[in-house]
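# Structural features, examined
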Amino acid sequence: MFDKTTWIRLPRNVVVGHGVLDQTVEAVSELHLHGRPLVVTSPTPRRVAADRVAADFEDAGEDPAVVEIETASFEAVQEVIAAAEEIDAGYLVGVGGGKAIDIAKMASHDIGRGFVSVPTAASHDGIVSGRGSVPEGDTRHSVAAEPPLAVIADTEILADAPWELTTAGCADIISNYTAIKDWRLANRLQNVEYHHYAAALAEMTAEMLVEEADSIKQGLEESAWAVVKALVSSGVAMSIADSSRPASGAEHLFSHQLDRMVPDAALHGHQVGVGTIVAEYLHGGNWRGVRDALSTIGAPTTAEELGIDEETVVAALTSAHEIRDRYTILGNGMSEAAAYEAVETTGVI
Ligand SMILES: NC(=O)C1=CN([C@@H]2O[C@H](COP(=O)(O)OP(=O)(O)OC[C@H]3O[C@@H](n4cnc5c(N)ncnc54)[C@H](O)[C@@H]3O)[C@@H](O)[C@H]2O)C=CC1
Ligand SMILES: O=C(CO)COP(=O)(O)O
Ligand SMILES: [Zn+2]
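Given the structure is predicted, the values throughout are model-derived calculations rather than measurements. (Residues numbered from 1 in each chain as written. Chains lettered and ligands numbered in written order. Predicted model: local features only at pLDDT ≥ 70, side-chain atom pairs only at ≥ 80, totals over all residues. Heavy atoms only, no water.)

### Things to note about the overall build of the chain
The criterion, for reference: In this description a helix means any DSSP run of H or I spanning at least four residues, a strand means any run of E spanning at least two, and both kinds are numbered starting from the N terminus. For this measure, only C-alpha atoms enter the radius of gyration; the expected value for a globule follows 2.2 Å times N^0.38, where N is the number of residues. Classification of residues uses two cut-offs on accessible area relative to the type maximum, computed with a 1.4 Å probe and protein chains only: under 20% is buried, over 50% is exposed, and between them is partly exposed. When checking whether two residues touch, look at their non-hydrogen atoms; a contact exists if any pair is within 4.5 Å. Note that accessible areas follow from Shrake-Rupley with a 1.4 Å probe, and for residues the cover is restricted to the protein chains shown. Charged-residue counts in this description rest on Lys and Arg as positive and Asp and Glu as negative, His and the chain ends being excluded. Charged groups are reduced to one reference atom each: NZ for lysine, CZ for arginine, CG for aspartic acid, CD for glutamic acid.
For the chain, the count of helices and strands is 15 helices and eight strands. Computed over C-alpha atoms, the radius of gyration of the chain comes to 19 Å, within 12% of the 20 Å expected from 2.2 N^0.38 for 349 residues, which places it in the range of a compact globule. Considered along the principal axes of its C-alpha atoms, the chain spans approximately 60 × 55 × 35 Å. Here the chain holds 349 residues, and 57% of them are scored as buried. Of all intrachain contacts in the chain linking residues separated by at least 6 positions in sequence, the fraction that spans at least 24 positions is 76%. Accessible surface computed for the chain: about 14600 Å², of which carbon and sulfur atoms make up 47%. Charged side chains of the chain number 23 positive and 53 negative; the gap between the two group centres comes to 5 Å.

Structural data, given as structure tokens:
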């Protein structure tokens, strides 16, 4: 008997454009959700967007509550769950960067409530994905999370955010190149389940962004539009795969390890971008093309531009394979000599 089953959970409403934050209540009312909304945010996104969203829900008679989180941690997920239980929230609205959105979607998953995603920065491809990413001790978890029922991406807000957040989002997309190579390798060597369609979508998203790299410029709302479209598409690839594999390989392991060693030293996407140059080199691929695309966009390509010293970059490379059970080109680990060779050859140091 044929017994294969697959569930693909995608957003119903994806609203992207100038000033669409004002349409959040309308996009949500279309979903026929019931109960009070809990807006999950962090300090800056609260000022930029979340207070406006809460005020609009208030005007619509929805009696919203707001909870602020500071970090991406399991403690923060518990805080949000407690806030949701206190008001008996009907659904959660994540407003912010990758961390606030991750925490909101994980809390929604745990309490079985709907989730709505309102990104304030085009900095990461977790905008749509049904995965959450949380560090814990020496490791990093990619956990099941509630995929958004709706995404409201206001390009006016995204274009107004600090430019480095947008270049970080571009680099998070470019990393799909090596993530897919690692996924194929893991499929061949370890029989890891591989989805052609999700892989093709993630790869095409990176290709389209690189083709457009010349026109992605600070101050242009069209650029925020192009990047957020790519982030949505990459998130959809993760939702199709029900795994972050289409968008996370060795370059992400490297970034996660840097987060442990030097927390908050650089943005997720920027670390991942530098990791992509090295991972592409290790795959024997066109690492110069990756480096040139990152530098055209204005994303860091060196340890110095990340603000991280050479020894830390090498130490992160040699230990990145330990952070998670995810087979990549790093195999059982790089020696220090090989790591130095890779970063020197690619100009990362
Ligand atoms: N679940 C998933 O599939 C994915 C999860 N992630 C996770 O997302 C996180 C990285 O996301 P980021 O957005 O880089 O980090 P983040 O959420 O810490 O945001 C970076 C900074 O940008 C600020 N910010 C956000 N919007 C702003 C605006 N409009 N104006 C001014 N400042 C603004 C935030 O306050 C924060 O200080 C990591 O924890 C990463 O693991 C990243 C990709 C995919
Ligand atoms: O950052 C991500 C994809 O861009 C999520 O990946 P992880 O599963 O490695 O946390
Ligand atoms: Zn990422």
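From this point on, the discussion continues.
### Notes on the side chain of His270
Note on placement: His270 falls in helix α11 (residues 268-282). Each residue touching His270, except ones within four places of it in the same chain, is listed here: Glu164, Thr167, Ala168, Ala299, Pro300 and Leu306.

### Remarks on the packing of helix α6 (residues 163-174) against helix α12 (residues 287-297)
Which entries qualify depends on this criterion: The axes are straight lines fitted to the C-alpha atoms, using for helices just the contacting stretch, and the angles between their N-to-C directions are given from 0 to 180°. Each angle gets one of four labels, with under 35 degrees taken as roughly parallel, over 145 as roughly antiparallel, 65 to 115 as roughly perpendicular, and the rest as oblique. A clockwise turn of the near helix away from the far one marks a right-handed crossing, whereas an anticlockwise turn of less than a right angle marks a left-handed crossing. Classification used: nonpolar for Ala, Val, Leu, Ile, Met, Phe, Trp, Tyr, Cys and Pro, charged for Asp, Glu, Lys and Arg, polar for all others including Gly.
Where α6 contacts α12, the two axes come as close as 10 Å, and the packing angle between them is 160 degrees. Taken as axis vectors, α6 and α12 run roughly antiparallel relative to one another. Helix-helix and strand crossings are classified by hand; for α6 and α12 the assignment is right-handed. Between α6, through Trp163, Thr167, Cys170, Ala171 and Ile174, and α12, the contact on the second element is made entirely by Val290, Ala293, Leu294 and Ile297. Grouping the constituent residues of the contact of α6 with α12 by class yields eight nonpolar, one polar and no charged.

### So, the domain arrangement of the chain
To keep it simple, the criterion reads: Bear in mind that the domain bounds are from an automatic or database domain assignment. What counts as buried area is the accessible surface, traced by a 1.4 Å probe, that two parts surrender upon association, with contributions from both included. A pair is scored as a salt bridge if a Lys or Arg side-chain nitrogen falls within 4 Å of a carboxyl oxygen belonging to Asp or Glu. We define a polar contact as two N or O atoms separated by no more than 3.5 Å, with the added condition that, inside protein, one atom must be a possible hydrogen donor and the other a possible acceptor, whereas residues neighbouring each other in sequence contribute only through side-chain atom pairs.
Domains assigned within the chain are domain 1 (13-160) and domain 2 (164-345). Distance from the C-alpha centre of domain 1 to the C-alpha centre of domain 2: 25 Å. In this assembly, 27 residues from domain 1 lie in contact with 29 residues from domain 2. Interface of domain 1 and domain 2: buried area, both sides summed, is about 2300 Å²; carbon and sulfur atoms make up 59% of it. Of all residues in domain 1, the largest losses of buried area upon contact with domain 2 belong to Ala122, Asp125 and Arg140, amounting jointly to 29% of the total for that side. Where domain 1 meets domain 2, there are four salt bridges. Applying the counting criterion to the domain 1 and domain 2 interface returns 12 residue pairs in polar contact (both at pLDDT 80 or more). Elements with a minimum of two residues in the side of domain 1 that touches domain 2: β1 (13-17), β6 (131-136), β7 (139-144) and α5 (155-160).

### Overview of the coordination of the zinc ion (ligand 3)
Tetrahedral coordination by four donors places them ideally at 109.5 degrees to one another around the metal; octahedral coordination by six donors ideally gives 90 or 180 degrees. Just so we agree on the cut-off: The rule for donors is simple: an N, O or S atom within 2.8 Å of the metal counts, and for Na, K and Ca the reach is 3.2 Å. Water is not among the atoms, so a site may look short of donors.
The protein atoms donating to the zinc ion (ligand 3) are Asp172 (OD), His252 (NE2) and His268 (NE2), with metal-donor distances spanning 2.1 to 2.2 Å. All donors of the zinc ion (ligand 3) come from a single chain, and their spacing in sequence reads D-x79-H-x15-H. Remark: His268 occurs in helix α11 and His252 occurs in helix α10 (residues 250-261); sequence separation between them is 16 residues.

### Section: the sheet that holds strand β2 (residues 36-41)
For the record, the criterion: Pairing between strands is defined by DSSP: at least two bridges between them are needed.
The strand order β1-β8-β5-β4-β2-β3 describes an open sheet built from six strands, whose pairing is parallel. On the outer flanks of this sheet lie β1 and β3 (65-68), each paired with one strand and no other. Strand-to-strand twist in this sheet, taken as the mean axis angle between neighbours without regard to direction, amounts to 15 degrees. Pairing analysis gives six bridges linking β2 to strand β4 (residues 89-96), with the strands arranged parallel. Looking across to β4, one finds that Val40 is bridged to Gly94. Across the sheet, helix α4 (residues 98-111) is in contact with β2, β4 and β5 (114-119); its angle to β4 comes to roughly 165 degrees.

### Regarding the site of ligand 2
To keep it simple, the criterion reads: One heavy atom suffices: a residue is near a molecule or strand as soon as one of its heavy atoms comes within 4 Å of it.
Neighbouring residues of ligand 2: Asp125, Ser133, Ser142, Asp172, Met238, Ser244, Ala247, Ser248, His252, His256, His268 and Arg324. In this structure, Ser142 approaches ligand 2 through a side-chain N or O atom, which is 3.3 Å from an oxygen atom. In this structure, an oxygen atom belonging to ligand 2 sits 3.0 Å away from a side-chain N or O atom of His252. Relative to its unbound accessible surface of 310 Å², ligand 2 loses 93% to contact with the protein.

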